Amino acid sequence: MEQSQTLGQFFLQQGGKILEQTVTHLELTFISLIISIVVAVPLGILIARKQKVAGVVLGFVGVLQTIPSIALLGFLIPFLGIGMLPAIVVLFMYALLPIVRNTYTGITQVDRSVLEAATAIGMSQSQRLWKVELPLAFPVIMSGIRTAAVINVGVATLAAFIAAGGLGEFIFAGIALNNSNMILAGAIPAAVLAIILDHLFALFRGISIRSIKAVSIVVPVFLLAAAWINFAPFGAGKEMLAGFEPEFMGRQDGYPGLKKVYGLDMNTVMIHDAMMYKGIDDGKLDVIGGYSTDGRVKAYNLVILEDDQHNFPPYHAAPVVRMDFLKSHPEVEEVLNLLAGKITDSVMIAMNYKVDHLKQSPEQVAKEFLLQHGLWREPQSGKGGVFRIGSKVFTEQYTLASIYSMLIAGHTQLKPVTSTGLGGTKICFDALLNNQIDFYVEYTGTGLLVILHPDEQTLKRVLLSADSVYNYVQQEFQSQYNLKWTQPLGFNNSYALMMRKEEAESLGITTISQLSDYLKND
Amino acid sequence: MSKSFKGKPVVSDVSFEVHQDETMVLLGTSGSGKTTTLKMINGLISPDQGRVFIDGKDALAQPPEMLRRQVGFVLQNMGLFPHYTVEENISVVPSLLKWDKKRINGRVRELMEKLQLPYHDYASVYPSHLSGGQQQRVGLARALAANPPVLLMDEPFSALDPITRKNIRREFRELDELRNKTIVMVTHDVQEAFDMADRICLMSEGKIIQSGSASEIVFRNQQGFVSQFLGDQQLILELKAVTINAYWDAIETVDQTTQSELKFNASQHLFDILQSLIDVPYQGEAFTIVHTSGEKKITSFSALMQAFRAFKSNYR
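Residues numbered from 1 in each chain as written. Chains lettered and ligands numbered in written order. Predicted model: local features only at pLDDT ≥ 70, side-chain atom pairs only at ≥ 80, totals over all residues. Heavy atoms only, no water.

Colleague: Please explain the overall build of chain A as it appears in this structure.
Modeller: Secondary structure assignment for chain A yields 25 helices and 10 strands. Taken over the C-alpha atoms alone, chain A extends approximately 90 × 65 × 45 Å along its principal axes. By the burial criterion, 54% of the 522 residues in chain A qualify as buried. In chain A, the proportion of contacts linking residues at least 24 apart, taken out of those at least 6 apart, comes to 79%. By element, 59% of the accessible surface of chain A is carried by carbon and sulfur atoms, the whole surface being about 22500 Å². Here chain A holds 38 positive side-chain charges and 43 negative ones, and the gap between their average locations is 11 Å. (Helix = DSSP H or I, 4+ residues; strand = E, 2+ residues; numbered from the N terminus. Buried < 20%, exposed > 50% of the residue type's maximum accessible area, 1.4 Å probe, protein only. Contact = heavy atoms within 4.5 Å. Areas by Shrake-Rupley, 256 points an atom, 1.4 Å probe, with all protein chains shown as cover. Lys, Arg positive; Asp, Glu negative; His and termini not counted. Charge placed at Lys NZ, Arg CZ, Asp CG, Glu CD.)

Colleague: Would you take a moment to explain the domain arrangement of chain A for this structure?
Modeller: Interface size is commonly expressed as the accessible surface area that is lost when the partners come together. Residue and element names in this part refer to chain A. For chain A, the assigned domains read domain 1 (2–231), domain 2 (241–312 + 497–521) and domain 3 (317–493). For domain 2 and domain 3, the distance between their C-alpha centres works out to 27 Å. Opposite the 13 residues of domain 2 that make contact, domain 3 presents 18 residues. The junction of domain 2 with domain 3 conceals about 1200 Å² of combined surface from both sides, 56% of it contributed by carbon and sulfur atoms. Arg296 is the partner of Asp356 in a salt bridge, and the nearest nitrogen-oxygen pair spans 3.7 Å. For the pair domain 2 and domain 3, the number of links is six residue pairs in polar contact (both at pLDDT 80 or more). With four residues, the single largest contributor to the side of domain 2 that touches domain 3 is helix 14 (residues 295–299). When the residues that make up the side of domain 2 that touches domain 3 are grouped by side-chain class, the tally is two nonpolar, three polar and eight charged. (Domains from an automatic or database assignment. Buried area = accessible area lost by both parts, 1.4 Å probe. Salt bridge = Lys/Arg side-chain N within 4 Å of Asp/Glu carboxyl O. Polar contact = N/O pair within 3.5 Å; in protein donor to acceptor, adjacent residues only side chain to side chain. Nonpolar A, V, L, I, M, F, W, Y, C, P; charged D, E, K, R; others polar.)

Colleague: Would you mind going over the interface of chain B and chain A with me for this structure?
Modeller: If you look at the interface, chain B gives 21 residues, while chain A gives 18 residues. Between chain B and chain A lies a buried interface of about 1700 Å² when both sides are counted; carbon and sulfur atoms form 65% of it. Of all residues in chain B, Phe81(B), His83(B) and Leu96(B) bury the most surface against chain A, accounting for 30% of the area lost on that side. For the pair chain B and chain A, the number of links is one salt bridge. The partner of Lys39(B) in a salt bridge is Glu116(A), and the shortest N-O contact between them spans 2.4 Å. At the junction of chain B and chain A, the tally comes to four residue pairs in polar contact (both at pLDDT 80 or more). If you list the elements that add at least two residues to the side of chain B that touches chain A, you get helix 2 (64–70) and helix 3 (86–96) of chain B. No other element matches helix 3 of chain B, which puts four residues into the side of chain B that touches chain A.

Colleague: Help me out: how do you make sense of the pattern of salt bridges in this one?
Modeller: Pairs can form between side chains of opposite charge whenever their charged atoms are close. The full count for this structure, using the stated rule, is 32 salt bridges over all chains. With its nearest N and O atoms 2.7 Å apart, the salt bridge here joins Arg251(A) to Glu247(A). Each member of the pair Arg251(A) and Glu247(A) is classed as buried. Two residues, Glu110(B) and Arg107(B), come together in a salt bridge whose shortest N-O distance is 3.3 Å. Here Arg107(B) and Glu110(B) lie together in helix 4 (residues 101–114), a separation of three residues that amounts to about one turn. The class for Glu110(B) is partly exposed, based on a relative accessible area of 37%.

Colleague: I keep staring at helix 7 (residues 125–155) of chain A and nothing clicks. Help me out?
Modeller: In an α-helix, one full turn covers 3.6 residues, which means residues spaced three or four apart are oriented alike. Over its 31 residues, helix 7 of chain A extends only 38 Å from the first C-alpha to the last, a length that falls short of the 45 Å expected when each residue adds 1.5 Å. A bend of about 55° at Phe138(A) is the largest found in helix 7 of chain A, and the proline Pro139(A) appears one to four places after it. (Expected span 1.5 Å × (residues − 1). Bend = angle between axes of the 7 residues up to and from the residue.)

Colleague: Any chance you could explain the packing of aromatic side chains here in plain terms?
Modeller: Any pair of aromatic rings gets described here by the distance separating the centres and the angle formed by the planes. Scanning all chains against the criterion turns up 28 aromatic pairs over all chains. Measuring from ring centre to ring centre gives 4.7 Å for Phe244(A) and Phe248(A), while their planes differ by 40°; the resulting arrangement is tilted. Both residues of the pair, Phe244(A) and Phe248(A), count as buried. Put simply, the rings of Phe244(A), Phe248(A), Tyr255(A), Tyr291(A), Phe312(A), Tyr315(A), Phe394(A), Tyr443(A) and Tyr495(A) pair up and form one aromatic cluster. Stacked on the ring of Tyr119(B), the Lys or Arg Arg109(B) has its end atom at 3.9 Å from the ring centre. Here Arg142(B) stacks its cationic end above the ring of Phe81(B), 5.0 Å away from the centre of that ring. (Phe/Tyr/Trp six-rings, centres within 6.5 Å; stacked < 30°, edge-to-face > 60°. Lys NZ or Arg CZ within 6 Å of the ring centre and 35° of its normal.)

Colleague: So what exactly am I meant to see when it comes to the packing of helix 2 (residues 15–49) of chain A against helix 8 (residues 168–177) of chain A here?
Modeller: Relative orientation and spacing of two packed helices are given, respectively, by the angle between their axes and the distance between those axes. Residues and elements named next belong to chain A. It is at 9 Å that the axes of helix 2 and helix 8 come closest, and there the two elements cross at 120°. When the interaxial angle is binned, helix 2 and helix 8 end up oblique. The segment helix 2 lies against helix 8, with Lys17, Ile18, Gln21 and His25 engaging Gly168, Glu169 and Phe170. Class assignment of the residues belonging to the contact of helix 2 with helix 8 gives a composition of two nonpolar, three polar and two charged. (Axes fitted to C-alpha atoms, helices over the stretch in contact; angles between N-to-C directions. Parallel < 35°, antiparallel > 145°, perpendicular 65-115°, else oblique.)

Colleague: What is the right way to look at a nonpolar patch on the surface in this model?
Modeller: Residue and element names in this part refer to chain A. Taken together, Leu184, Ile188, Val192 and Ile196 make up a surface patch of nonpolar side chains, about 300 Å² in accessible area. Following the sequence through the fold, Ile188 ends up in helix 9 (residues 180–206). By relative accessible area, Ile188 is classed as partly exposed at 34%. (Patch = residues over 30% accessible without salt bridge, like charges linked within 9 Å, V, L, I, M, F, W, Y side chains within 5 Å.)

Colleague: Would you explain the environment of Asp195(B) in this entry?
Modeller: Residues and elements named next belong to chain B. Looking at the secondary structure, you find Asp195 in helix 9 (residues 190–196). In contact with Asp195, other than residues within four places in its own chain, are Arg169 and Arg173. Here Arg169 takes part through its side chain, which lies 3.3 Å from a polar atom of the side chain of Asp195.

Colleague: Please clarify how the sheet that holds strand 10 (residues 495–500) of chain A should be interpreted in this entry.
Modeller: In any sheet, the strands associate via hydrogen bonds between backbone groups, in a parallel or an antiparallel arrangement. Residues and elements named next belong to chain A. With mixed pairing, the five strands of this open sheet are ordered in space as 2-1-3-10-4. The open sheet has two free edges, formed respectively by strand 2 (267–270) and strand 4 (302–305), since each of these has just one partner strand. For this sheet, the mean angle separating the axes of adjacent strands, direction not counted, is 35°. The sheet contact formed by strand 4 and strand 10 spans four bridges and is antiparallel. Pairing of Leu302 across the sheet is with Arg500, part of strand 10. Packing against the sheet, helix 13 (residues 273–281) makes contact with strand 1 (241–244), strand 3 (287–291), strand 4 and strand 10, and its axis sits at approximately 140° to strand 3. (Pairing = 2+ DSSP bridges.)

Colleague: What am I meant to see in the pairing of strand 8 (residues 182–187) of chain B here?
Modeller: Here is the key point about a regular strand: its side chains alternate between the two faces of the sheet. All names here are of chain B. With six of six residues buried, strand 8 is to be regarded as a mostly interior element. Taking every second residue as pointing to the same face, both faces of strand 8 are buried, with Thr182, Val184 and Val186 on one and Ile183, Met185 and Thr187 on the other. Across five bridges, the pairing between strand 3 (residues 23–28) and strand 8 is parallel. Looking at strand 8, one finds that Val25 is bridged to Met185. In the sheet, strand 7 (residues 150–154) pairs with strand 8 via five bridges, with the strands oriented parallel.

Colleague: Explain the environment of Gly133(B) to me, please; I cannot follow it from the model alone.
Modeller: With respect to the helices, strands and loops of the structure, Gly133(B) is situated in helix 6 (residues 132–144). When the C-alpha atoms of Gly133(B) and Ile168(B) are compared, they prove to be 6.9 Å apart, with 35 residues separating the residues in sequence.

Now the structure itself:
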C-alpha cells in the first residue's frame, strides 16, 4: 500500500512542485487583483459621483459574484479558450464587487463638512479627490482589496480546471486519486497564502494615512514586477501540449504509467474533463487523455492512439451495490443484471454521441435504449422504498443513471432517486460506503487502481485479462467493503490517449509508441 | 443676487455693500437665506441672478477655485481635514497657491502664536485631539493663512458651548489680523451679531429687512419683525448700543449735597452702569461721570435715564 507515506515525506518529495504551483497561484491572484484595482477603484469613485448609476453598477458586479465560479469558467471557454487568460478574467470578475463596493462606501462616507471645507478653500475637483477623499476612504478601500485578495486565493484553486495551474492541481488530483496527502499539499499552502495575504493587507490598512502615497505607488509596482517575472515563463517552449484531467494526471495507469511504459515525456497541463475536448478542438492542446467510449471522440473528430504496449488496463463497466440493500431487496440484483452484456462499446459510444453532440437529454436516450431492447415498462407504484442511484460527473454516467432509474421504476416497486454530480471515483465510492447512495456504475480498472491499491505483484497477476480484473475487484469489494459487483454491462470504457485526426495523420502517428518516438526525436 | 432651489426662492434680490475693513453680519433665523447669500459670494452656490464685486472686479468671472483661494472661509462645523496635522491644515491654501516651504512655515508659526496655539505643542497634532475652541482657532488660521483681504464666516461659533463661544468671540474681536479684513459673517445669534458687527443686515425669508449699525437697528427699527426678532433682548441691546458719550450733552447735573463716592466713565454703556449700581447699596444719590475729554458731571441715575430716553426718541 502506498498510503503509508506521511504528509511530511510528501511535502519534501513534492517541494519543488508545491513551490511552483504556489508561485502560479500567487500570479493568478495578484495579476487579477491588480487589474481589478485598476478598474474597480475608478469605477467606485465614478458611481460615488453619479449616485443614479450606483445601484445598477453595484447590482451588476454583485450578480457577477453570484455566478458559480466553475460555471463562469465554463462559460468563458468559447471566448477565451483555456489557460491563464480565462482564469484571470474570472478572478478579476470576482474581485470587482468588494473593491467597487468599498471604494463607493469609502468615498461616500467622507464627512460632508470636510468636503465642503475643501471646496470652500479653493481645491479643484481632482485636488479634492487626491488630497481629501481618497486618503480618507483609503482604509475602507484597502479592506475591500483585502477581501478580494482572500476570495481570489480561494477561487484561484479552480483555475486548475482550465489548465491554468495553481494549487488546485494538487487538490483536484488528490480528490480524484483518493490521496489525502496530495489534497493537503494543495489545501495547506492555499490556506496559508490566504492567511498571509489577509494579514499583509490588514497591515496596509493600519498604516498611517500619511504613507498612502508611498504604498499606492510601491505596491502595484512591486506586484506587477513580481507578476511579470513569473508570468514570462508561462507558455514558453511548448512543442506539443497535453491536457489531462486530474485523475488521469495522477493515476498509475494514467500519465505516470505512460511515462513508465512508453518513456513518454511531454509538457502537460491539468484541465477539467469538460473543458479538455474544447481545448483540443481549439488547438490549444495537442494530446488529451480521455475515455474510449466518449461521444466527443467522434464529435470533435479525434483519433484514439493504439495502446500498443498495453499500459491501460481494462475498464469494464458494472453496477456496484450495497450488500445490505441487496439482502433486503433481493429482486434488485436480477433487474440490474437485465442489462448484462447489452451495452457494447459501439452502443455506448452512440449513446454518448447523442447526448454530447446531438444535445439529446440523457433521459430521452435512456428511454430510447430501453424501448429498443424491450425493457421499457411504465413506472410502478414506487411504494417499496427508495433506491438511491449515484453517478459521476460525465455524460456516460448520466445516461447510465437514467437507464437504471427507469429500469428500477418499471421492474420493481422501488422509487429511484438519482444523485448525479458526485465528482469523481473517490466521492462516489465514499457516498456508497457511507450509505448515502445504494448503487453506482464503476469500472473494473478504476476499482482496482483507485480504490484497492494492490501491490505490484498482485497487480501484474490480476492485469493479465479483463476477467481476472473483474473477478479480483468483485472478490475484494465484497470482503473489504461489503459491496457487490453485479454482472458487467459489456463495454470497456478504457483510458485512451487521443489527438486531432488531421494532426495525427499529418505526423503519421497511430500508436502511443509513435507519439513517444516523435517527441523524443524532436 | 437671487437664488431659488427647485422653484422655491431662497434669496430674492438681496443687495448690499461691505466697505473695506468693515465687519458685516448677516443676521436671521434659519431659512432666512443668510447662508445661501454668504455662499454665493465665493461661488459655493452660483446665483440665478446677480453679481459679486470684490475690489471693483467681477468675482464670479474667474474660475471658482481661484476666487476661493483669495477669500478666507470659516465653516460652521470647522471642516478641518482629519488626516492632516494642525500645521498641514493651516498650510493648505498657501500650498495651493504654491508658496515656498519656508514662507508657509513662517506664516503658520505666526498665526499659531497669535491664536494661542503654541507651535511646538500643537503643530503636529491631529484635529481629533483638539478641543472645540482649539479646532475653531485652527479653522480661522486656515482661512487667514494666505492673508486674504476678504473673510467669510458661516456661523463660526455655533458649534461651541456658550462659555467657549464667548471667549473665542472676544479673542477673535481683539485679533489684529481681523481688524484689517473685510468680513462677512453669518449668525442667528443676536448677541454675537451686535458684539462683532460694524454693520448688521437683518434677513428674513430671503430678503433684507433692515440694515445698519447696531444703534440704527435697535433704535430705528421701522418694522414689527425686527422687534419681534430681537424680542427680550431688545432692552439689553438698547442699553448696550451706545456709550454715554453719545448723549453727554443731554445729561442734567443734580444737587451736590447727597453725593456718593461712585464714579463712572462716559465711554461705558448705560448697561454697565446699571450693572454696577445693582451691586452697591445705591439709594438714588448723585454720582460722578467723566467724559472722554476729561469733563465731569455730577448726576443721578434718573437723570441719566432721562437723557437716554431723549436720545432714543431723537434717534428715531
